[in-house]
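Listed below are the residues making up each chain.
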Amino acid sequence: LELIGGIVVDEGIRGYLEQFLAKEPLFLKKGALQDGYMPETISHRDEQIKQIAKILAPSLRGDRPSNLFVYGKTGTGKTLSIKYTTAQISDLAAQKNLPLKVLYVNCKMKKIADTEYRLFTELAKEFGKAIPPTGLPTQEVYTKFFDALEEKSQLLILVLDEIDQLIKKVGDGILYNLTRINSELKTSKVCIIGISNDLFFTDHLDSRVKSSLSEEELLFPPYNALQIQSILRDRVKTAFKEGVVKEGVVEKCAAIAARDHGDARRALELLRVAGELAERDNISNVEVKYLDLAEDKIERERVIDIVQTQPKQYQLTLYSIMSLYSPDNRTIFTGEIYELYRKLCGRIDMRPLTQRRVSDIIGELDMLGIITAKVISKGRQGRTREISLSTNHNLNPKIKKVLEEGLELA
Ligand SMILES: Nc1ncnc2c1ncn2[C@@H]1O[C@H](COP(=O)(O)OP(=O)(O)OP(=O)(O)O)[C@@H](O)[C@H]1O
Ligand SMILES: [Mg+2]
């Protein structure tokens, strides 16, 4: 650690910092707006929560409940409701000394669920069995988990959140093994709860796997704007000092979040970022205009994040499109893009892909929502694509800069 001492005080910055320090914070508890916070009340999900409780209740008697597949769009309260209900169950089980255990796995977490090996290692660890991070055959890791589970004579409720991510990485064989495990276990039992925001997830599963995972299914519908408002109002009370959030903010925030589909996470994030931006400006209220600023900021970060994580060939294709794009040249054709792309490949010593492949990449950039590619017919000359950028125009210079740095073009 290096101490920075003996500096020349920058009056302007010092003034801002002192003003910031003197100001009452706007937040009481910012954490209440962050993901993972367990709110005291869950509104508009009574039906689903009751349903989950009814399905899982037999576990308290040591009977294996039906496996359950929970699905619905992002931010509709799936994770929250499952965590809430399973916590109620395991609390009661602990109180009454019942042999029941709930394990929650978020399959989006790389270190836990990107291979079958890692997942079973993690599960075995929960039962007190240490397994080396690599080196054993996967079957042996599975057997260790199996034995550890059997030793405990327990009912295990295994929650696999974002289960589509797991299957995308390791295939559906793992689910086949997990749903069949009960026919091999003698004293323990496993109940699986899968959660996904991919509404078509089960369509791609092997039909046997599908029917055992979906013994019960539960849909979480999107919230409407009024429901989001009431969720936000509850959180505002915990998160902000009284009176800080101006009238109209909650309504507008809910309206923005409900524009696409009612996504409570998006609404909470918007409110949090609006609060942070207001705080940075040293003002004492969150005003409606901060929601617009917050929306821009979130969109900017989202796009930059997508762009930065694309493979190099994608980045160079996008860079070519952006270089050709200008306010007076809003539609660009695949041919021009390819020409520039090839030239740039030469400059950075990258092996160019075929025009066909670049054309596929253009289609994929369209799917990511960064560009819009419209197929148009050119009569006898066949078809081509008219391409335009679909990001907010203010963002373009920033995106180009990110690409130049990433590709070492500058
Ligand atoms: N009914 C509700 N009452 C209070 N807070 C809620 C409610 N529904 C969702 N939230 C909050 O909204 C955020 C998103 O909810 P949750 O994580 O449960 O969504 P999800 O359906 O699991 O979404 P994803 O599919 O993206 O994982 C969380 O911070 C959660 O606390
Ligand atoms: Mg979730």
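Residues numbered from 1 in each chain as written. Chains lettered and ligands numbered in written order. Predicted model: local features only at pLDDT ≥ 70, side-chain atom pairs only at ≥ 80, totals over all residues. Heavy atoms only, no water.

### Some thoughts on the packing of helix α12 (residues 264–280) against helix α13 (residues 289–308)
Rule in force here: Interaxial angles span 0 to 180 degrees and are taken between N-to-C directions of axes, which are lines fitted to C-alpha atoms, for helices over the stretch in contact. Elements are defined by DSSP. Helices are runs of H or I of four residues or more, strands are runs of E of two residues or more, and each kind is numbered from the N terminus. Roughly parallel means an angle under 35 degrees; roughly antiparallel, over 145; roughly perpendicular, 65 to 115; everything else is oblique. When checking whether two residues touch, look at their non-hydrogen atoms; a contact exists if any pair is within 4.5 Å.
Relative to each other, α12 and α13 sit at 110 degrees, their axes nearing to 8 Å. When the axis of α12 is compared with that of α13, the two are roughly perpendicular. Of α13, the residues touching α12 (which contributes Arg266, Glu269, Leu270, Val273, Ala274, Leu277, Ala278 and Arg280) are Tyr290, Leu291, Leu293, Ala294, Glu295, Lys297 and Ile298.

### So, the sheet that holds strand β5 (residues 216–220)
For clarity, the threshold we go by: Any two strands between which DSSP finds at least two bridges are classified as paired.
The 5 strands lie next to each other as β2-β3-β4-β1-β5, forming an open sheet whose pairing is parallel. The sheet terminates laterally at β2 (100–106) and β5, the two strands that pair on one side only. When the angles between neighbouring strand axes are averaged without regard to direction, this sheet yields 15 degrees. Contacting β2 and β3 (155–161), helix α5 (residues 116–126) crosses the sheet at an angle of about 145 degrees to β2.

### Examining a nonpolar patch on the surface
This is how the line gets drawn: Residues qualify for a patch when their relative accessible area is over 30% and they have no salt bridge, like charges being joined within 9 Å and the nonpolar side chains of Val, Leu, Ile, Met, Phe, Trp and Tyr within 5 Å. Here, Shrake-Rupley sampling with a 1.4 Å probe gives the accessible areas, and only protein chains in the shown set may cover a residue. One speaks of a salt bridge when a side-chain nitrogen belonging to Lys or Arg is within 4 Å of a carboxyl oxygen belonging to Asp or Glu.
On the surface, a nonpolar cluster with roughly 360 Å² of combined accessible area is contributed by Ile13, Tyr16, Leu17 and Phe20. Structurally, the position occupied by Ile13 is in helix α1 (residues 11–22).

### Some thoughts on the nonpolar core
Filter applied, for reference: As used in this record, nonpolar core signifies buried Ala, Val, Leu, Ile, Met, Phe, Trp, Tyr and Cys residues forming a set joined through side-chain atoms within 4.5 Å. Only protein chains enter the accessibility calculation, which uses a 1.4 Å probe; a residue is then buried when its area is under 20% of its type maximum, exposed when over 50%, and partly exposed in between.
Counting residues in each nonpolar core, the largest one holds 36 residues, and the members touching the most others are Phe145, Leu158 and Leu160. Here the element with the most residues in this core is helix α6 (residues 138–152); it accounts for 6 residues. Contacts of Leu160, omitting those with residues within four sequence positions, involve Val105, Cys107, Leu166, Leu175, Leu178, Ile192, Ile193, Gly194 and Ile195. With 35 residues, the next largest nonpolar core counts Ile306, Leu318, Tyr325 and Ile399 among its residues.

### Observations regarding the site of ligand 1
Here is the rule: For this purpose, a residue is taken to be near a molecule or strand whenever a single non-hydrogen atom of the residue falls within 4 Å of it. Whenever two N or O atoms come within 3.5 Å, that pair is a polar contact, provided that in protein one can donate a hydrogen and the other can accept it, and provided that, for residues adjacent in sequence, both atoms are side-chain atoms. Residues are sorted three ways: Asp, Glu, Lys and Arg are charged, Ala, Val, Leu, Ile, Met, Phe, Trp, Tyr, Cys and Pro are nonpolar, and all the rest, Gly among them, are polar.
Near ligand 1, the surroundings consist of 22 residues, among which Ser43, Thr74, Lys78, Thr79 and Tyr223 are the closest. Here an oxygen atom of ligand 1 sits 2.8 Å away from a polar atom, N or O, in the side chain of Arg235. Considered on its own, ligand 1 offers 630 Å² of accessible surface; in the complex 95% of this is hidden by protein. Among the elements of the structure, α3 (78–95), α10 (225–239) and α12 are those that each provide at least two residues to the shell around ligand 1. A class-by-class count of the residues in the shell around ligand 1 yields 8 nonpolar, 8 polar and 6 charged.

### A short note on the environment of Val375
You can see Val375 is positioned in strand β7 (residues 371–377). Counting along the chain gives 72 residues from Val375 to Val303, while the straight-line C-alpha distance between them is 24 Å. For Val375, the contacting residues outside a window of four places in its chain are Arg383, Thr384 and Arg385.

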